[in-house]
Amino acid sequence: MTSEAMSDAISDTISDIMKSRPAKRTVVAVRVPLLLACLLLAPPALAQRLVVAGGAVTEMVYALGAQDQLIAVDDTSVWPPAARALPKIGYVRELPVEGIVSLRPDKVLVSADEAGPARTLRQLERVTTVVPITATNSPEGVLARAQQVAKETGRVEAGAALVAELQAAFARINERLPLAQPPRVLCLLSAGGHGVRLAGQDTKAQALLDSLGLPNAVRDQRGYRPLSSEALLALAPDMVIIAEARPGEFRADDWPALAMTPAGRAGRILVADSMLLLGFGPRLPEAMTQVLDVASGAGEADVEIEREGGMAWSR
Amino acid sequence: MVPITGRLPVRPTFAVLLALLLLGALLALRTGPMPLTTADVWQGLFATDAEATVQLVVRELRLPRLLLAMLVGAALAVAGALLQGLFRNPLADPGLIGISSGAALGAVSVIVLGERLFARWDMAVPGLALPLAAFACALLTTAVIWRIGSRQGVTHVAMLLLAGIAINAIAMAGVGVLTFVADDGQLRTLTFWTMGSLAQADWRDLRLVAPWILLVLLAMPALARALNAVLLGESVAMHLGHDVDRLKRRIVVMCALAVGAAVSVSGLIGFVGLVAPHLVRLTLGVDHRMLLPASALLGAVLLVLADTAARLIVAPAEFPIGLMMALIGGPFFLALLMRRF
């Protein structure tokens, strides 16, 4: 936090005291000394203007509590909801040079696998610092990403805490692995009214399955491909994961064939947000746990189950 | 019918067009997501010790982009005017002889297959690959259509148009196949390409396309008289002493060069080729000696203005200029047409 931000926070807190009801005062009474302590003890946090291109990197910035540095993000930065309120610099692969330069950022963090075009990044480098953030889609990759973003935002301690937290979460997940009978999983990408596409090899969905040692039901295709109801039946997956771009986008009524697959009969269907499942940000443990819960049939009590036409749906 | 001579005097109209182009250029240099004063722009253009940010924005972003917008606008408008004159059809555009679909096929091939192809030689896709492929494919498609449309040295316009339709369909099917095999990122990139954009404009692009477009702009006055004669019919033009087949060949080659070059760096930008010559015809008449240069100027003005708007409207992000052009130009053109009826 900057010293200005700090003094702002203190004056906010003081005005809170003036306005607050008696019950709140004890909390506030703790906050003031805490803030003062922060002011004296905290390592010099960076007061920089930060632009981020890449949804997972934005999530990381928030997870590290460095969001006060953010001045703009790209269109894929949709989580946490607060990120949506920031100025948008457009699509991550078509970044505008002048648009970004006009924000006068001290640093631009870009997701190494997506951000571009290369020419834009080269031009940006002439007037600001462009930092490609490592993008290996695996638990180790997420840890490396957390460390790098922590370093670039000057939140080293928060970074160490986040890494420890993530490592603990991964360890808890690893205790449950490998599964005795890993189901063959079909990952689907919902595209609203335009149907769904299945995820083959060389996709982030494949990376998610790899992190849990689950076999992909699609063996012989690369990338994302359109899926027909008949192909869905032929694949006969034991489990289906549906990644939605927008919540509630996938309508089960459109896919009666799903109920006839082994996955549908066993109720092993997971519908979740695509940035959660495929973002490879700080929420990866959460995504892995959700997948694992459905895959192992365990923890069904934790997952909210909707019954739709006799089929079990976990959201 | 559109009268042969327009309602407006010629010289003042050209003066107004030039003034508009100059104003548009100043506006384009002066405005953008980055707030700069006129003094900043002046410094960025001429001072050697200007601030790095100002220098980048003015010299490396706005100036090449402005010049490219002018050239691309002029090329598209002139090609439209030439083809409309040649086919004696107000709806003719460079798409008819396969330039757009060919360029699209070349560009999309590089977007979708480039990475895998160049990975064989262990290299990234060079930045030049896309514009070169687009340019080459535009010329190639046009050449194929031309070959089919010509028999024993005589070109039949009807055959040319039909061949164009067939080859366009084949090229667009190729684009469709590539779209099908494209992954997510490639899909987004190719969608953006088909919406047109000057956002990536830099001096290299300019060096790449300026010679072709300037060549065509300089050569075009030589065709004006023959095109005027063709307005009376091909046989009349022939009897007036014009070699109509040579004229056709020249126009097709010139359009392929100018539009192929323009499209290869800007993506598909429709509408300029249609609307600029029409506006000129409505105001100055159909004499190609006036029509061609006035269309070039007006096309440049339109694209510069549309591009300026595209940079501002959703700043700091950017709006695709192809869409911008259709969104502003469409209603304006309609209003103009309806007033005349």
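Residues numbered from 1 in each chain as written. Chains lettered and ligands numbered in written order. Predicted model: local features only at pLDDT ≥ 70, side-chain atom pairs only at ≥ 80, totals over all residues.

Caption draft 1: Spatial organisation of the overall build of chain B. On a plain count of helices and strands, chain B comes out with 14 helices and two strands. The C-alpha radius of gyration of chain B comes to 21 Å, within 12% of the 20 Å expected for a compact globule of 341 residues. Expressed as lengths along the three principal axes of its C-alpha atoms, the size of chain B is roughly 65 × 55 × 35 Å. Counting contacts in chain B only where the partners sit at least 6 residues apart, residues at least 24 apart contribute 77% of the total. (Helix = DSSP H or I, 4+ residues; strand = E, 2+ residues; numbered from the N terminus. Rg over C-alpha atoms; globule rule 2.2 N^0.38 Å. Contact = placed C-beta atoms within 7 Å.)

Caption draft 2: Region of interest: helix α11 (residues 244–266) of chain B. The end-to-end C-alpha distance of α11(B), which contains 23 residues, comes to 32 Å, matching closely the 33 Å that a straight helix rising 1.5 Å per residue would cover. Burial runs high along α11(B): 18 of the 23 residues are buried. (Expected span 1.5 Å × (residues − 1). Buried ≥ 20, exposed ≤ 12 C-beta atoms within 10 Å, placed from the backbone.)

Caption draft 3: Representation of the sheet that holds strand β3 (residues 107–111) of chain A. Residue and element names in this part refer to chain A. Pairing within the open sheet is parallel, and its four strands lie in the order β2-β1-β3-β4. This sheet does not close on itself; its edge strands, each paired only once, are β2 (70–73) and β4 (129–133). Sheet twist, expressed as the mean angle between neighbouring strand axes with direction ignored, is 20°. Strand direction decides the pairing type here: strand β1 (residues 50–53) and β2, joined by three bridges, are parallel. Bridged to Leu50 within β2 is Leu70. Those strands touched by helix α6 (residues 139–153) are β1, β3 and β4, and its axis lies near 165° from that of β4. (Pairing = 2+ DSSP bridges. Axes fitted to C-alpha atoms, helices over the stretch in contact; angles between N-to-C directions.)

Caption draft 4: Region of interest: the interface of chain B and chain A. Each partner contributes to the interface: chain B provides 24 residues, whereas chain A provides 24 residues. Of all the secondary structure elements, the ones that give two or more residues to the side of chain B that touches chain A are α3 (52–87) and α7 (184–195) of chain B. At six residues, the largest contribution of residues to the side of chain B that touches chain A is made by α3(B).

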